Amino acid sequence: MEEVWPLPIPLHRLRAGTDCTVHSLHVSPAMRQRLQDLGMVSGTKIRCLRNPKRCPMLLQIRGAWIALRQSDAKYILVNITVHT
């Protein structure tokens, strides 16, 4: 069973191994289009594979691995998924 946290948090705050769903994108129109082309739309499930402090995050989105800069991840809100 999955449970979703009620309050969204910025994507850059996730720890490795955390599952979440996209809540909203608060980025420039060009970046929004790029992320949407990669499949990152509201409701999309994401798994954080790696999140070092000063390097890009490694995310799994719809079976693909994507590297995303911390500075861009700050403006993507997600809801954490808790597996019970």
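Residues numbered from 1 in each chain as written. Predicted model: local features only at pLDDT ≥ 70, side-chain atom pairs only at ≥ 80, totals over all residues. Heavy atoms only, no water.

A. Summary view of unusual backbone geometry. Even without being glycine, arginine 62 reaches a positive phi, approximately 50 degrees. Residue arginine 62 is classed as exposed on the basis of its relative accessible area, which comes to 61%. (Buried < 20%, exposed > 50% of the residue type's maximum accessible area, 1.4 Å probe, protein only.)

B. Representation of the pattern of salt bridges within the structure. Following the criterion strictly, the structure yields 2 salt bridges and no others. Among the ionic pairs, arginine 47 bridges to aspartate 19, the shortest N-O distance being 2.6 Å. Of this pair, arginine 47 sits in strand β4 (residues 45–50) while aspartate 19 sits in strand β3 (residues 19–25); the two residues are 28 residues apart in sequence, bridging distant segments of the chain. Put simply, aspartate 72 and arginine 69 hold a salt bridge, and the shortest N to O gap is 2.9 Å. (Salt bridge = Lys/Arg side-chain N within 4 Å of Asp/Glu carboxyl O. Helix = DSSP H or I, 4+ residues; strand = E, 2+ residues; numbered from the N terminus.)

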